[in-house]
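Below are the chains, spelled out letter by letter.
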There are 2 protein chains.
Amino acid sequence: MGTGLKGNMTIAQSGGPSMVINQSLVGATLEAIRHKEIQGIYGALHGIQGLLDDNLIDLRKETPANLEAVAATPSSALGSVRKKPTADDCRRILDVMQRRNIRYLFYIGGNDSAETAGILSEEAHKANFDFRCFHIPKTIDNDLRENDHTPGFGSAAKFVACALMGDNLDNAALHGVKIDVIMGRNAGFLTAASALARVHENDGPHLVYLPERPFDIPRFVRDVHAVYERLGRCVVAVSEGIANADGEPIASLFLKEKDGFGNMQLSGTGALGDLLSREIKKAGKISRIRADTFGYLQRSFPSIVSQADAREARKVGVEAVKHAVSGTKDGSIAIKRKLGAGYKITYECIDLKQVARATRHMPDEFIAKSSNDVTPAFLEYARPIVGPLPKIGCLKKIRIK
Amino acid sequence: MGTGLKGNMTIAQSGGPSMVINQSLVGATLEAIRHKEIQGIYGALHGIQGLLDDNLIDLRKETPANLEAVAATPSSALGSVRKKPTADDCRRILDVMQRRNIRYLFYIGGNDSAETAGILSEEAHKANFDFRCFHIPKTIDNDLRENDHTPGFGSAAKFVACALMGDNLDNAALHGVKIDVIMGRNAGFLTAASALARVHENDGPHLVYLPERPFDIPRFVRDVHAVYERLGRCVVAVSEGIANADGEPIASLFLKEKDGFGNMQLSGTGALGDLLSREIKKAGKISRIRADTFGYLQRSFPSIVSQADAREARKVGVEAVKHAVSGTKDGSIAIKRKLGAGYKITYECIDLKQVARATRHMPDEFIAKSSNDVTPAFLEYARPIVGPLPKIGCLKKIRIK
């Protein structure tokens, strides 16, 4: 079928990398090859910066085998950027698109990238330049509205769950308090996934703190001591984005740097973990306290990929191209889950505005009333997205009399 | 064959957990079942603390399937401890051993554990208590003398190499300086393993700092800027144990806590990475600087196991039991590598004193003359120990004219 709009296509990646963002790139590229409307298939290096600089590569020159190897490789193969286009940027990008006859643009990223796609779509429309502009969802934070979950989340969640499985065992071997700081600026989904690590009774994480609930330091200290008194140890999963009752991020007391969208730098520093350790230490009752900040490993570690996540990341790329060539002007591909038995996913094309800017948070039914744990409903939600986890053996430990 | 010394056996685990320490536990347990000299097979919970408290479990009550599941699970299934026995502790342990007729003791751990085994062996000898005391090697730091490498190192090194593969790709997508702080108090082997992550030209880590060479902050800052000017980015692997020319750990400027053997706490805090970030930031030329401290993940993460490491960890447990029942009084099982083509390993029983206390360092031929990298000889040494790494795909990136 198709719309008859012939021209070149450009695809780009934006924001924080994920373990499966290249699945979307390769899904869209291989689908584009199947449609005669799409002539040149270009990759813009480092997101819209590549369009601004006319820094484009020819994806038709990549072999299928090479594309498949890239699909299975973490991080953004085209390079990424964190940049909101200014009015001047838009004019320059439009100029490159017209000169290059780029009629199809696919932007893989989170809510900031959807916003960028929306801005470009609007500018092209004003200039009467006929083109198709699509956002392909990606975010390990799982915070895009209108999506049941987002590509990238499942694999990052698998990393976090595996990490907590190991860390719980480590803490069981050498007792103490262990604090793990997990990514997720606004939404607690990734931190919540730590609870998937629990296999046996009394397994950690014993406490889970999400940005959706106010974080109170004295209460945190009391919670940790209560677990420690009961079990002789305590594993804590805490989101980097935890904030006090006034909404000020706890980490902001120490950190100042912001990115192009005004977001605070929360990752790539151990400051929050160390601050929380000091608070426990100050109470003077527990001597061995450790904090790890998982940092960039949780979004880039190779070989810890959720198969469902890889499959869905590929599919959103394919769907975006299908919609574009079938005449849809612009949009974002959203992942929806069918209610009922089993794990069934559908893909819908929604308006860019529905995912741009604002983010989604953990719904109340996923957060325990105590505000320091998740509910069984969350675990049920997350399990099929993350897929099977490593088997954890445990001694029966029958005492000698 | 055998010595005729009949009695019960106790096995225990000590020091930092590893991903394969339970292979040694299960190897020794399954081998012990085969020998009629060994009657009860006990596990002491939390190392010598379990002997002090008479806190023993019956390993004969575990099923073979359960033992195999435990073998494949990271961390110390019996629990661990960091404790050097006092003279009084030795008397209490000897008392438990005599009362329980424990004639065989196997202690899995690093150089501190070998020292503990040596102390117990000596005390038993003084008391004319006939028993066999063996150290089974384990340390992710790879710093035991007389060993080509140690069980635990290969899997931790695999984790570090995988992490750097992902982190290099992440840094290539979003440019900046990335500092990764890696475990290893005295020896740089684990930090050096980061260099296995390099697949393509200009892949990181671009700089590797080991505790075997004095760390000079101004020189570090110059090194990073030189790489950044050349590539527009820089990935740094740095050992937690780096020290200045006077031998003072860089981290010690910030950290005070020490363990039972007088070792400084270097892990479980992001302080060193944050300090190094600040030094780069102070120079004022680079804005995006991030630091991750890998922390406990590198020794406990499930499913990232080197097959060679798992096999060898099993074997040192088996060998220790074989030596003990064949009459050797005490000793430690050392891993030796045969020179020549291919990767061939032999196991030798050596004196406890040969591995106790002092540690091994990276030999000079493994460290680049520049003091900020490893040599090809190191990579050749490490590759078979770590085994195959994930495949990394890369776009050819042929520019559009």
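Please refer to the structure placed before this passage.
Parameters at a glance
- Residues numbered from 1 in each chain as written.
- Chains lettered and ligands numbered in written order.
- Predicted model: local features only at pLDDT ≥ 70, side-chain atom pairs only at ≥ 80, totals over all residues.
- Heavy atoms only, no water.
- Least-squares fit on C-alpha atoms with pLDDT ≥ 70 in both.
- Contact = heavy atoms within 4.5 Å.
- Phe/Tyr/Trp six-rings, centres within 6.5 Å; stacked < 30°, edge-to-face > 60°.
- Helix = DSSP H or I, 4+ residues; strand = E, 2+ residues; numbered from the N terminus.
- Buried < 20%, exposed > 50% of the residue type's maximum accessible area, 1.4 Å probe, protein only.
- Buried area = accessible area lost by both parts, 1.4 Å probe.
- Salt bridge = Lys/Arg side-chain N within 4 Å of Asp/Glu carboxyl O.
- Polar contact = N/O pair within 3.5 Å; in protein donor to acceptor, adjacent residues only side chain to side chain.
- Nonpolar A, V, L, I, M, F, W, Y, C, P; charged D, E, K, R; others polar.
- Pairing = 2+ DSSP bridges.
- Axes fitted to C-alpha atoms, helices over the stretch in contact; angles between N-to-C directions.
- Lys, Arg positive; Asp, Glu negative; His and termini not counted.
- Core = buried A, V, L, I, M, F, W, Y, C linked by side-chain atoms within 4.5 Å.
- Right-handed = clockwise from strand over helix to strand, strands pointing away.
- Expected span 1.5 Å × (residues − 1).
- Arc of directions from axis to C-beta.

**Q** Kindly report on the relation of the copies chain A and chain B, identifying the contributing residues and their values.
**A** The second copy of the chain is related to the first by a rotation about an axis and a shift along the axis. Here chain A sits on chain B after a turn of 180 degrees about the axis and a move of 0.0 Å along it, with an RMSD of 0.0 Å. When the rotation and shift are considered jointly, the pair of chain copies conforms to a two-fold rotation axis. Closest approach to the rotation axis within chain A is made by the C-alpha atom of Gly270 of chain A, at a distance of 2.0 Å. Comparing interface residues between copies, 100% of those in chain A also sit at the interface in chain B, which points to an isologous, same-surface contact.

**Q** Lay out the packing of aromatic side chains with the relevant residues and their values.
**A** The full count for this structure, using the stated rule, is 27 aromatic pairs over all chains. Ring geometry for Phe378 of chain A and Tyr381 of chain A: centres 6.0 Å apart, planes at 45 degrees, overall tilted. Residue Phe378 of chain A and its partner Tyr381 of chain A are located together in helix α13 (residues 376-386), separated by three residues, close to a single helical turn. What makes Tyr381 of chain A buried here is its relative accessible area of 8%. Pairing Phe189 of chain B with Tyr381 of chain B gives two aromatic rings, centres 6.2 Å apart and planes at 45 degrees, and the pair type is tilted. A residue pair is termed long-range when its members are at least 10 positions apart, and Phe189 of chain B in helix α7 (residues 189-192) and Tyr381 of chain B in helix α13 (residues 376-386) qualify at 192 residues. There is no split in this pair, since Phe189 of chain B and Tyr381 of chain B are both buried.

**Q** So what's going on with the environment of Lys338 of chain A? Which residues, and what values?
**A** Residue and element names in this part refer to chain A. Take Lys338: it is sitting in strand β10 (residues 330-338). Overall, the relative accessible area of 47% leaves Lys338 in the partly exposed class. A C-alpha to C-alpha distance of 9.6 Å links Lys338 and Asp148, two positions 190 residues apart in sequence. The residues contacting Lys338, other than those within four sequence positions of it, are Lys344 and Thr346.

**Q** I'd like to hear about the interface of chain A and chain B, residue by residue, with values.
**A** If you look at the interface, chain A gives 81 residues, while chain B gives 81 residues. Taken together, the two surfaces of chain A and chain B that pack against each other cover about 6,000 Å², and 58% of this comes from carbon and sulfur. At the junction of chain A and chain B, the tally comes to two salt bridges. For Arg299 of chain A, the salt bridge is made with Asp170 of chain B, and the minimal N-O distance between the two is 2.7 Å. Taken together, chain A and chain B are joined by 39 residue pairs in polar contact (both at pLDDT 80 or more). Of all the secondary structure elements, the ones that give two or more residues to the side of chain A that touches chain B are β3 (56-58), α3 (64-71), α6 (153-173), α9 (271-283), β9 (289-293) and α10 (297-300) of chain A. Along the lines of polarity and charge, the residues of the side of chain A that touches chain B split into 37 nonpolar, 24 polar and 20 charged.

**Q** Describe the sheet that holds strand β7 (residues 207-209) of chain A, with residues and values.
**A** All names here are of chain A. Read across the sheet, four strands follow the order β7-β8-β6-β9 without closing on themselves; strand pairing throughout is parallel. The open sheet terminates on both sides in strands that have one partner only, identified here as β7 and β9. Pairwise comparison of adjacent strand axes, ignoring direction, gives a mean angle of 15 degrees for this sheet. Alignment of β7 against strand β8 (residues 234-239), held across three bridges, turns out to be parallel. Counted as the bridge partner of Tyr209 is Val238 from β8. Those strands touched by α9 are β6 (177-182), β8 and β9, and its axis lies near 165 degrees from that of β9.

**Q** Help me get a handle on the side chain of Glu312 of chain A, residues and values and all.
**A** Residue and element names in this part refer to chain A. Mapped onto the elements of the fold, Glu312 is located in helix α11 (residues 307-325). One buried charge, Glu312, has no salt-bridge partner; the nearest side chain with opposite charge is Arg311, at 4.8 Å. Excluding its chain neighbours within four sequence positions, the residues that come into contact with Glu312 are His149, Ile335, Tyr343, Ile345 and Tyr347.

**Q** Describe the nonpolar core, with residues and values.
**A** Proteins that are soluble and globular tend to have nonpolar side chains buried together. Counting 94 residues, the largest nonpolar core has Phe159, Phe301 and Phe378 of chain A together with Phe159, Phe301 and Phe378 of chain B as the members making the most contacts within it. Leaving out residues up to four positions away in the same chain, Phe159 of chain A has contacts with Met19, Leu297, Gln298, Phe301 and Ile304 of chain A together with Phe159, Leu297 and Phe301 of chain B.

**Q** Mind laying out the sheet that holds strand β10 (residues 330-338) of chain B, listing which residues take part and the relevant values?
**A** All names here are of chain B. Ordered in space as β3-β2-β1-β4-β5-β10-β11, the seven strands form an open sheet in which the pairing is mixed. The open sheet has two edge strands, β3 (56-58) and β11 (344-350), and neither has a second partner. With strand direction ignored, the average angle separating the axes of adjacent strands in the sheet is 25 degrees. Along the sheet, helix α1 (residues 21-33) contacts β1 (7-13), β2 (38-44), β4 (102-109) and β5 (132-137); its crossing angle with β1, the most-contacted strand, is approximately 170 degrees.

**Q** Could you give me a rundown of unusual backbone geometry, with the residues and numbers involved?
**A** Omega for the peptide link from Gly204 of chain A to Pro205 of chain A comes to 5 degrees, which places this bond in the cis form. For Pro205 of chain A, the location among the structural elements is in the loop between α7 (189-192) and β7. Backbone geometry places Glu146 of chain B, a non-glycine residue, at a positive phi of 70 degrees. On the basis of relative accessible area, Glu146 of chain B is assigned to the partly exposed category, the value being 35%. The phi torsion at Asn202 of chain B lies on the positive side, around 65 degrees, for a residue other than glycine. The residue Asn202 of chain B is located in the loop between α7 and β7 (207-209) in this model.

**Q** Provide a residue-level description of the environment of Pro64 of chain A, including the pertinent values.
**A** Residues and elements named next belong to chain A. Within the secondary structure layout, Pro64 lies in helix α3. Under the relative-accessibility criterion, Pro64 is labelled exposed at 60%. Linking Pro64 and Thr29, residues 35 residues apart in sequence, is a C-alpha distance of 10.0 Å.

**Q** Describe the pairing of strand β4 (residues 102-109) of chain A, naming the residues involved and giving the relevant values.
**A** Residues and elements named next belong to chain A. Of all eight residues in β4, eight are buried; the element is thus mostly enclosed. Direction of pairing for strand β1 (residues 7-13) relative to β4: parallel, over a ladder of six bridges. When the bridges of β4 are listed, Ala12 appears paired with Tyr107. With six bridges connecting them, β4 and strand β5 (residues 132-137) associate as parallel partners. Among the inter-strand pairings, Gly109 is bridged to a residue of β5, identified as Pro137. For the segment spanning β4, helix α5 (residues 111-126) and β5, crossover handedness is right-handed.

**Q** Run through the side chain of Asp203 of chain B, naming residues and quoting values.
**A** Residues and elements named next belong to chain B. The residue Asp203 is located in the loop between α7 and β7 in this model. No salt bridge is formed by the buried Asp203, whose closest oppositely charged neighbour, Arg233, lies at an N-O distance of 4.7 Å. A polar atom in the side chain of Asp203 sits 2.9 Å from the backbone nitrogen of Val199. The residues contacting Asp203, other than those within four sequence positions of it, are Asn168, Ala197, Arg198 and Arg233.

**Q** Got a sec to walk through helix α1 (residues 21-33) of chain A? Specific residues and values, please.
**A** Since one α-helical turn is 3.6 residues long, residues separated by three or four positions face the same way. Residues and elements named next belong to chain A. With 13 residues, α1 should reach 18 Å at 1.5 Å per residue; the first-to-last C-alpha distance of 19 Å fits that figure. Summarising burial for α1: 11 of the 13 residues are buried, a large majority. As for α1, its buried residues are in contact with β1, β2 (38-44), α3, β4, β5 and α11.

**Q** How would you explain α3 of chain A if you had to name every residue and give the values?
**A** Residue and element names in this part refer to chain A. For α3, the full list of buried residues reads Asn66, Leu67, Val70 and Ala71. The buried residues of α3 occupy one face: seen down the axis, they fall within an arc of 145 degrees. Considering only its buried residues, α3 is in contact with α1 and α11.

**Q** How would you summarise the pattern of salt bridges if you had to cite specific residues and measurements?
**A** Evaluated as defined, the whole model comprises 46 salt bridges over all chains. We note a salt bridge from Lys178 of chain A to Asp180 of chain A, for which the minimum N-O separation is 2.9 Å. Neither residue differs from the other here; Lys178 of chain A and Asp180 of chain A are each classed as buried. Between Arg34 of chain B and Glu31 of chain B there is a salt bridge, with its nearest N and O atoms 2.9 Å apart. By sharing partners, the salt bridges in this structure join Asp167, Lys178, Asp180 and Asp292 of chain A into a single network.

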